[in-house]
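# Geometric and topological summary
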Number of protein chains: 2
Amino acid sequence: MNIGEIARQAGVSRSTVSYVLSGRRTVSEPTRRRVQQVIDELDYRPNASARALKEGRTRVLGLVIPPAAQRLTDMQLGFVASVVEAAAEADLDVLLSPSGGDHDRSFERMITGRRVDGVILMEIRLEDARVARLQQTRLPFVTIGRTAHADDTCWVDVDYATLIGRCVHHLADLGHRHVALVNRSAELVAAGYGPGHRALAGFNTAVAERGLSGTDVCCADDAAAGEQCVQRLLVTRPEVTAIATLNEAALPGIGRGLERAGRTVPKDFSIAGVAARHWAEDFRPPLTSADVPATQMGAHAVELLRERIATPDTSPRHLLLSPPISLRASTGPVPPAR
Amino acid sequence: MNIGEIARQAGVSRSTVSYVLSGRRTVSEPTRRRVQQVIDELDYRPNASARALKEGRTRVLGLVIPPAAQRLTDMQLGFVASVVEAAAEADLDVLLSPSGGDHDRSFERMITGRRVDGVILMEIRLEDARVARLQQTRLPFVTIGRTAHADDTCWVDVDYATLIGRCVHHLADLGHRHVALVNRSAELVAAGYGPGHRALAGFNTAVAERGLSGTDVCCADDAAAGEQCVQRLLVTRPEVTAIATLNEAALPGIGRGLERAGRTVPKDFSIAGVAARHWAEDFRPPLTSADVPATQMGAHAVELLRERIATPDTSPRHLLLSPPISLRASTGPVPPAR
DNA sequence: TTGTACGCGTTATCAT
DNA sequence: ATGATAACGCGTACAA
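The shown structure was predicted, so the numbers you read here are calculated from the model rather than taken from an experiment.

## Some thoughts on the protein's contact with DNA strand C
DNA strand C sits among 26 residues. The nearest are I3 and R51 of chain A together with T16, S28 and T31 of chain B. The sugar-phosphate backbone supplies 51% of the atoms of DNA strand C found within 4 Å of the protein. Measuring from a phosphate oxygen of DNA strand C, one finds a side-chain N or O atom of S28 of chain B at 2.4 Å. When residues of the surface near DNA strand C are traced back to their parent elements, those giving at least two are helix 2 (14–22) and helix 4 (48–55) of chain A together with helix 2 (14–22) and helix 4 (48–55) of chain B. For the surface near DNA strand C, the leading source of residues is helix 2 of chain A, giving 4 residues. Looking at the surface near DNA strand C, its residues break down into 9 nonpolar, 9 polar and 8 charged.

## Observations concerning the interface of chain B and chain A
With 51 residues of chain B in contact, the opposing surface of chain A contributes 52 residues. Both sides of the chain B and chain A interface together cover about 4400 Å² of buried area, and 49% of this is carbon and sulfur. For chain B, the biggest contributors to the area lost against chain A are D93, L96 and R114 of chain B; these three give 13% of the whole. At the junction of chain B and chain A, the tally comes to 14 salt bridges.

## Some words on the relation of the copies chain B and chain A
When chain B is fitted to chain A, the best match, at an RMSD of 0.1 Å, comes from turning it 180 degrees and sliding it 0.1 Å along the axis. Both chain copies can therefore be described as sitting about a two-fold axis.

## Some remarks on the pattern of salt bridges
Considering all chains together, one arrives at 52 salt bridges over all chains under this definition. Its salt-bridge partner being D91 of chain A, residue R105 of chain B comes within 2.6 Å of it at the nearest N-O pair. With one member in each of two chains, R105 of chain B in helix 6 (residues 105–112) and D91 of chain A in the loop between helix 5 (74–89) and strand 2 (93–98) form a pair that bridges those chains. A relative accessible area of 48% means that R105 of chain B is categorised as partly exposed. According to the relative accessible area criterion, D91 of chain A is partly exposed, its value standing at 31%. Residues joined by salt bridges that share partners form a network here, namely D91 and D93 of chain A together with R105, R109 and R115 of chain B.

## Details of the protein's contact with DNA strand D
Surveying the vicinity of DNA strand D reveals 27 residues, the closest of which are R25 of chain A together with I3, Y44, R51 and K54 of chain B. Sugar plus phosphate: this is where 45% of the atoms of DNA strand D within 4 Å of the protein reside. A distance of 3.2 Å separates a phosphate oxygen of DNA strand D from a polar side-chain atom of N2 of chain B. Here a phosphate oxygen of DNA strand D and a side-chain polar atom of R24 of chain B are 3.3 Å apart. Counting only elements with at least two residues in the surface near DNA strand D, the list comes to helix 2 and helix 4 of chain A together with helix 2 and helix 4 of chain B.

## Quick look at helix 3 (residues 29–42) of chain A
Residues and elements named next belong to chain A. Helix length check: helix 3, at 14 residues, gives a terminal C-alpha distance of 20 Å against a target of 20 Å (1.5 Å per residue), a fit within 8%. Every buried residue of helix 3 is listed here: T31, V35, V38 and I39. Down the axis of helix 3, the sector holding all buried residues measures 100 degrees, keeping them to one side. For helix 3, exposure combined with an orientation more than 90 degrees from the buried face picks out P30, R33, D40 and E41. Looking at the residues trailing helix 3, positive phi occurs at D43, about 50 degrees.

## Looking at helix 8 (residues 160–173) of chain A
With 14 residues, helix 8 of chain A should cover 20 Å at 1.5 Å per step; its first-to-last C-alpha distance of 20 Å lies within 8% of that length. Within helix 8 of chain A the residues assigned to the buried category are Y160, L163, I164, G165, C167, V168, H170, L171 and A172 of chain A.

## Re the packing of aromatic side chains
Here the distance between the centres and the angle between the planes together describe a pair of aromatic rings. Per the stated rule, a full pass over the model turns up 0 aromatic pairs over all chains. Positioned over the ring face of Y19 of chain A is R25 of chain A, at 4.9 Å from the centre of the ring. Lying over the aromatic face of W155 of chain B, R146 of chain B brings its terminal NZ or CZ to 5.1 Å of the ring centre.

## Observations regarding the packing of helix 1 (residues 3–10) of chain A against helix 2 of chain A
Between two packed helices, both the angle of their axes relative to each other and the distance between the axes serve to describe the pair. Residue and element names in this part refer to chain A. Where helix 1 contacts helix 2, the axes come no closer than 8 Å and their chain directions differ by 100 degrees. Judged by the inter-axis angle, helix 1 sits roughly perpendicular to helix 2. Between helix 1, through I3, G4, I6 and A7, and helix 2, the contact on the second element is made entirely by R14, V17 and S18. For the contact of helix 1 with helix 2, the residue count by class is 4 nonpolar, 2 polar and 1 charged.

## Brief notes about the pairing of strand 10 (residues 288–291) of chain A
Residues and elements named next belong to chain A. In strand 10, alternate side chains face the same way, and those of T288 and A290 on one face and S289 and D291 on the other are all buried. As judged from the 4 bridges shared by strand 9 (residues 270–275) and strand 10, these two strands associate in the parallel manner. Residue pairing for strand 10: G273 is matched across the bridge by S289. On the question of chirality, the crossover connecting strand 9 to the parallel strand 10 by way of helix 13 (residues 277–282) is right-handed. In the sheet, strand 10 pairs with strand 12 (residues 325–326) via 2 bridges, with the strands oriented antiparallel. The partner of S289 across the bridge, within strand 12, is S326.

## Points about the packing of helix 8 (residues 160–173) of chain B against helix 10 (residues 194–210) of chain B
Residues and elements named next belong to chain B. With their axes 7 Å apart at the nearest point, helix 8 and helix 10 run at an angle of 35 degrees to one another. For helix 8 against helix 10, the interelement crossing comes out right-handed. Here Y160, A161, I164, G165, V168, H169, A172 and D173 of helix 8 come into contact with helix 10, specifically with P195, R198, A199, G202, F203, A206, V207, E209 and R210. Across the contact of helix 8 with helix 10, the residue classes tally to 10 nonpolar, 3 polar and 4 charged.

## Some thoughts on unusual backbone geometry
Residues and elements named next belong to chain A. The linkage connecting V265 with the following residue, P266, adopts the cis geometry, with an omega of 5 degrees. As for its placement among the helices and strands, P266 is situated in the loop between helix 12 (251–260) and strand 9. Positive phi is not limited to glycine here, since R114 has a value of about 50 degrees. Within the secondary structure, R114 is located in the loop between helix 6 (105–112) and strand 3 (118–122). Note on R114: relative accessible area 37%, which makes it partly exposed.

Rules used in this analysis
- Residues numbered from 1 in each chain as written.
- Chains lettered and ligands numbered in written order.
- Predicted model: local features only at pLDDT ≥ 70, side-chain atom pairs only at ≥ 80, totals over all residues.
- Heavy atoms only, no water.
- Near = heavy atom within 4 Å.
- Polar contact = N/O pair within 3.5 Å; in protein donor to acceptor, adjacent residues only side chain to side chain.
- Helix = DSSP H or I, 4+ residues; strand = E, 2+ residues; numbered from the N terminus.
- Nonpolar A, V, L, I, M, F, W, Y, C, P; charged D, E, K, R; others polar.
- Contact = heavy atoms within 4.5 Å.
- Buried area = accessible area lost by both parts, 1.4 Å probe.
- Salt bridge = Lys/Arg side-chain N within 4 Å of Asp/Glu carboxyl O.
- Least-squares fit on C-alpha atoms with pLDDT ≥ 70 in both.
- Buried < 20%, exposed > 50% of the residue type's maximum accessible area, 1.4 Å probe, protein only.
- Expected span 1.5 Å × (residues − 1).
- Arc of directions from axis to C-beta.
- Phe/Tyr/Trp six-rings, centres within 6.5 Å; stacked < 30°, edge-to-face > 60°.
- Lys NZ or Arg CZ within 6 Å of the ring centre and 35° of its normal.
- Axes fitted to C-alpha atoms, helices over the stretch in contact; angles between N-to-C directions.
- Parallel < 35°, antiparallel > 145°, perpendicular 65-115°, else oblique.
- Pairing = 2+ DSSP bridges.
- Right-handed = clockwise from strand over helix to strand, strands pointing away.
- Left-handed = near helix turned anticlockwise from the far one by under 90°.

Okay, structure coming up:
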């Protein structure tokens, strides 16, 4: 089923059919109707490859996700879903590439085969080979998260440094003097994962500003690790009365660990964090946290990318989000010294 | 950068370059090397649209996911990740469409625009408009899950009826006489979501076979709903001593609800389920469950779809999985009557 | 090894 | 003001 077939059955030329479709030229009403009827009857839709070939654009966005080996986190999933949704809203499709480093076949296919009009990258490292690779090409791209030197790229990110800092200040206001940061996994931090580094920086700054004693520990992204981590922490740093964390997947374990150790939240121990809302709300008691707006971030990323595709030569735009902390029930005044 | 440019710089014809690329004709070694060198220097990669147009296939698979409105479950995410991974393994790309019903723009684009060589559908209803729509077209497709009359389609599914039945038999073997099924959400079941219906059927059959008393309740897919659900259940059916469930997202809440009610698992109360392994392992105590192999299912779906694309006219293959129940720590002998 | 037709939709240009 | 013709985008594969 192609445009020539429609033209034949409607008794017009191929270009007329094309003009009926695009509306780029006026076509006499009777002709238009006749052509449209044949189109409807045969349920004709132009071949996307032919159109892309001619127009020089595919109406497809690429989305690079972390390889499935490391199970995607809830937040990453939120990004994927919201990107796809926002793209669909704009009649754009999304092509997925599961790629960790560069030199990845699917990544290379995506960016060199002119399959996509632009790329959204997530799970960005401070030094990221994929970003470097994309900068070599002329392909517009936007990152969710940012590299260490991201002034000349387009990105949307959460300001983990500020948010973790705010958590610390909130805890300090409540009288806590000994606080701990439960960071993301050691591997992730070692690999230069931005949020981990920036959260630590923000933590250290705030701790210094308030004259607190601060400890930071890495913790794998799952409940079991969270539980172990808390157990160890309570032994090695018994003076700690509050935790700040960006490790949402560890939260259930952190809660369990405290419970097992006989600490009641928030009476004996406080927790504040940066997490997706449903993690915060599912925590018992509900977690005081800055809720990461994953859904909006995906939508923003698509918006920035569309701009960039439309006008590639304007200076890159950024978006650094710091959602306010929602006071819930997991933080309270420091308990009297034992 | 196109094939003509490469040909010019290498001093050969376009077809020669094409043959060097595809290897479908032997090219003299010196020529081949010269061409290859130019290709490498210019980092040339054929235009995917042009190739798709000529070859009549895109090397892209479509994956239809539920719209993001209802947050994707962990298991759905597992499917997506494993499909993408398996496709990448076979040098295929994946195009995503977030579509609930039919008549969805992105769904229609995908299947009528010849953008994809085949489609994988998930979150299948017993009566599914998208399946009907796909059957009208000639496009090969595979479903994860199956409709009520799925003999002539290609699918891979988990045998929820059998697995929930096995849970019930296991609980009956331990002496439990009053068991409850915690199903997926009422909306999902009302919409004809297959697993919900089949789990209920399997539950009823097994309950009847063993002469037990059975109750079934629907429960939204989150922890809070699970907690409420258990609270209500313990009040309305105080005789119940065991739960079978396929609602993994409700598990943390179910655990909390039992704890609040003073029931210890597995001493006072048993739970068995069908869930992704990490949900089972994160449960306290670890959940006795049939672990849904989401990862393999995605890979199987891709495999079946590739077969179907290669040989569209063979009779459709199915794959009904019933993974064994892993005994963990959440089931035990029925407690003595109070 | 090369020339060339083909796949299909778009659009500039020419004809009516 | 409409409709028709033809070139173009790019890679593939058959005929020469």
